[in-house]
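# What the coordinates show
Read off the chains here:
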Amino acid sequence: MTDTAAPVVGHRPPTRRAAGLGLLGPAFVAAIAYVDPGNVAANLTAGARYGYLLLWVLVAANASAVVVQYLSAKLGIVTGKSLPELLGLKMRRTPRLLFWAQAEVVAAATDVAEVIGGALALHLLFGVPLVAGGLITGVVSMAILLLQNRRGARTFEAVVTAMLAVLTIGFCAGLLFAQVSPGALVAGIAPRFADSGSVLLAASMLGATVMPHAVYLHSALARDRHGDVPAGAERHRVLVATRWDVGLALVVAGGVNISMLVLAAATLQGVDGTDSIPGAQRAIAENVGPVVGVLFAIGLLASGLASTSVGCMAGAEIMHGLLRVRVPLVVRRLVTLVPAIVLLALDADATQLLVISQVVLSFGIAFAIVPLVAYTSRRSVMGADVNAVGTRVVAWLIATVIVALNVALVVLTVTG
C-alpha cells in the first residue's frame, strides 16, 4: 500500500539506523495517554478504597497495552495508513458516521479528564480557581500544539517525553518514604474483586490504562515517523525498533500507574478525605511529607498539559480518517475545551468527573481494539507482516476480556 497521508514536518525516510535510538519516540507520545489525570483519579481511588486488591488490574492492563500499542504502530508502518484512515476507507457512510460519533464521545471524555486534571494541579500549586486553571491548561496545550506544527514531530516528542519524565518523578517520589507491605503487594497480583464497586473501579482503571484514542493515534504517529517502509530487511529493523519503543514507553507508564496505586494503598487507606484528588494530595503531604505533596501536584500538572495536547492530536486524526476532514489542531483545541470549562463552571465534583470519564473510555476500547486486531490479522492488509498465530490468539483474548468486563460493567450499573 502507498502512503496517502502527508508526512510531518522534518520527516526523513528511514535509514539503516532504524533499529537504533533514532526511532524511539512515537510510543512515548502515545504513552502519555496512559498516565493522564484520569489514571491519577482511578488509581488513587482504587488504592485508598481497596488497598492493593486491584493491583492485578494495572499489571494485566499494562501488559495488554504493550500488545495493543505495538499492533497499532505496526499497522501504521506496514500499511502507511492510520487505523481511522483504514476504517474510513472500508466502512460505508452510515456505519462510518456512527463509528466516528462514538470515537468523538471517547475523545470528549478524554479532553474533559485532561483539562480538569490540569486545572486541579494549578489549584493545588497556586490556588488558581478551577475555571481559570482549565483555561490556562487549554492555552498552554495550544502552545504545545503550535510547537508541533512549526518545529516538527521530533521537537514535540522531546517536549512530551520531558513532561513524562517530570510526572514520573512527581508520582513516584512518595514511594521512597511510604511504608509498603511486601506481602499485601504480592497478594494484589492475584485476580479477584471485593464487590460490585471494585468491578466498576476496575473498569475505570482499564479505561484509564488501555486508552482508545492512544490506539488510534499511535498508528498515525508511526506512519508519519517512518513513512512508507519497503518490505524486507528495512521494515524488519523498523519493527524491531518499534517493539523497543513500545516496551520502554509502557514500562515507564505502567510503573507510574502501579506506583500511584501502591502509594495510595500504603498511605491513604482508611484516611478520611481521600475521595478526591485535592484530599488525596493533602493526605499525601501530611502522611508522607509536604515536598512529596508538591511533587505530586507538579506531576499532575505535567500529566494534564501533555495529555491534553496528545488527546487533541488523536481527535484530529480520528476526524481526518473517518470523515476525511482536517481541522486545525488549535481550532479543535478551542472547541473541545468548552465542555470541560462548562463542567468546571458548574462546580461539579472534579475527581468524580475524572473517574466517570475513564468508565466512558472503557466503552470505547472495544471499538478500537477489535478492528485493530482484525486488520493486523489479515494477510490482505498486512502481507508478510500479518500477525503470527500466537500473537493473534493473545490479541483476540485481550479483546474478549475487555468486552466481557464492559458487559459486566453495564449489568452492574443497570442492576445496581
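This text goes with the structure placed above it.
Below: a short report on this structure. Because the structure is a prediction, the values reported are computed rather than measured. (Residues numbered from 1 in each chain as written. Predicted model: local features only at pLDDT ≥ 70, side-chain atom pairs only at ≥ 80, totals over all residues. Heavy atoms only, no water.)

## Observations regarding the environment of Thr 415
Going by this rule: Put simply, DSSP marks the helices as runs of H or I at least four residues long and the strands as runs of E at least two long, and each gets a number from the N terminus on.
Here Thr 415 shows up in helix α17 (residues 389-415). For the pair Thr 415 and Ser 64, spaced 351 residues apart in the sequence, the C-alpha separation amounts to 29 Å.

## Brief notes about a nonpolar patch on the surface
Spelled out, the test is: Each patch is built from residues lacking any salt bridge and having more than 30% relative accessible area; the joining distance is 9 Å for like charges and 5 Å for nonpolar side chains (Val, Leu, Ile, Met, Phe, Trp, Tyr). A 1.4 Å probe and the Shrake-Rupley method give the accessible areas. Residues count as covered only by the protein chains that appear here. The rule for a salt bridge is simple: a side-chain nitrogen of Lys or Arg has to be within 4 Å of a carboxyl oxygen of Asp or Glu.
Nonpolar side chains collect at one region of the surface, where Val 370, Trp 396, Val 403, Val 407 and Val 411 lie side by side and expose about 370 Å² of accessible area between them. With four residues, α17 is the largest single contributor of residues to the nonpolar patch. Following the sequence through the fold, Trp 396 ends up in helix α17.

## Quick word on the packing of helix α5 (residues 93-126) against helix α6 (residues 130-151)
How two helices pack is summed up by the angle between their axes together with the distance between the axes. The cut-off we apply is this: Think of each axis as a best-fit line through the C-alpha atoms, taken over the contacting stretch in the case of a helix, with angles from 0 to 180 degrees between the N-to-C directions. Roughly parallel means an angle under 35 degrees; roughly antiparallel means over 145; roughly perpendicular covers 65 to 115; every other angle is labelled oblique. Helix crossings are classified by the rotation of the near helix relative to the far one: an anticlockwise turn of less than a right angle makes the crossing left-handed, while a clockwise turn makes it right-handed. Every residue pair with non-hydrogen atoms within 4.5 Å of one another is taken to be in contact.
At their nearest, the axes of α5 and α6 sit 7 Å apart, and the two run at 120° to each other. Between α5 and α6, the crossing angle belongs to the class labelled oblique. Both α5 and α6 take part in a crossing whose hand is right-handed. Here Glu 114, Val 115, Gly 118, Ala 119, Leu 120, Leu 122 and His 123 of α5 lie close against α6, whose contacting residues are Leu 130, Gly 133, Gly 134, Ile 136 and Thr 137.

## Describing the environment of Ala 165
This is how it is decided: To sort residues, take the accessible area from a 1.4 Å probe on protein chains only and compare it with the maximum for the residue type: under 20% means buried, over 50% means exposed, and anything in between is partly exposed.
Position of Ala 165 among the secondary structure elements: in helix α7 (residues 153-172). Judged by its relative accessible area of 41%, Ala 165 is partly exposed. In the structure, Ala 165 is positioned 134 residues away from Gly 299 in sequence and 9.0 Å away in space, judged by C-alpha atoms.

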